[in-house]
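# Residue-level structure breakdown
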Amino acid sequence: MSPDSRTPGSVRSAAEINEHIRALWLRAGGTLSAQERSEYELLVVEWAAAIRDQIIEAA
């Protein structure tokens, strides 16, 4: 499932998102196409939100 097709409020863990980011870079061989770059940017935004949620939960 692509990050842009998820419903608002559905959240994966930062670790799960990080694995998707790593897999994307491995598949791309270190150079992202325009489509992969877009996917990467969405994943990074989702990862940052997940990290922020973890910090808030810990507080």
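All of the points below concern the structure found in this document. Each residue is numbered by its place in its chain's sequence as written, counting from 1. Per-residue local features are limited, in this predicted model, to residues with pLDDT of at least 70; the limit for side-chain atom pairs, both in listing and counting, is 80 or more; totals at the level of whole chains, interfaces and linings are taken over all residues. Only hydrogens and water are set aside; all other atoms, that is, all heavy atoms of the structure, feed into the side-chain values.

### Regarding the overall build of the protein chain
The following threshold applies: Numbering of helices and strands runs from the N terminus, with a helix taken as a DSSP run of H or I at least four residues long and a strand as a DSSP run of E at least two residues long. Only heavy atoms enter the contact rule, under which two residues are in contact if any of them lie within 4.5 Å.
Within the protein chain, the regular secondary structure consists of 2 helices and 0 strands. Taking contacts inside the protein chain between residues at least 6 apart in sequence as the whole, the part at least 24 apart equals 54%.

### Quick notes on the pattern of salt bridges
Rule in force here: What makes a salt bridge here is a side-chain nitrogen of Lys or Arg within 4 Å of a carboxyl oxygen of Asp or Glu, nothing more. Three labels apply to residues, based on accessible area from a 1.4 Å probe with only protein chains included: buried if under 20% of the type maximum, exposed if over 50%, partly exposed otherwise in between.
This model, assessed by the stated rule, comprises 1 salt bridge. A salt bridge links E46 to R12; its shortest N-O distance comes to 2.8 Å. Here E46, found in helix α2 (residues 34-58), pairs with R12, found in the segment before α1 (14-28); they are 34 residues apart in sequence, far enough to count as distant. Given the relative accessible area of 9%, R12 is considered buried.

### Things to note about the packing of α1 against α2
So the rule is basically this: Axes here refer to lines fitted to C-alpha atoms; in helices the fit is confined to the stretch in contact. Angles between the N-to-C directions go from 0 to 180 degrees. Roughly parallel refers to an angle under 35 degrees, roughly antiparallel to one over 145, roughly perpendicular to one between 65 and 115, and oblique to any angle outside these ranges. Two helices that cross are described as forming a left-handed crossing if the nearer one is turned anticlockwise from the farther one by less than a right angle, and a right-handed crossing if clockwise. Think of it as three bins: nonpolar holds Ala, Val, Leu, Ile, Met, Phe, Trp, Tyr, Cys and Pro, charged holds Asp, Glu, Lys and Arg, and polar takes everything else, Gly as well.
Contact geometry of α1 with α2 gives a least axis separation of 8 Å together with a crossing angle of 160°. In this view, α1 runs roughly antiparallel relative to α2, as classed from their interaxial angle. Helix-helix and strand crossings are classified by hand; for α1 and α2 the assignment is left-handed. Contacts from A14, I17, N18, H20, I21, L24, W25, R27 and A28 of α1 reach α2 at E36, R37, E39, Y40, L43, V44, E46, W47, A50, I51 and Q54. Looking at the contact of α1 with α2 residue by residue, the classes come out as 12 nonpolar, 3 polar and 5 charged.

### Quick word on the environment of L42
One can find L42 in helix α2. A C-alpha to C-alpha distance of 9.9 Å links L42 and I21, two positions 21 residues apart in sequence.

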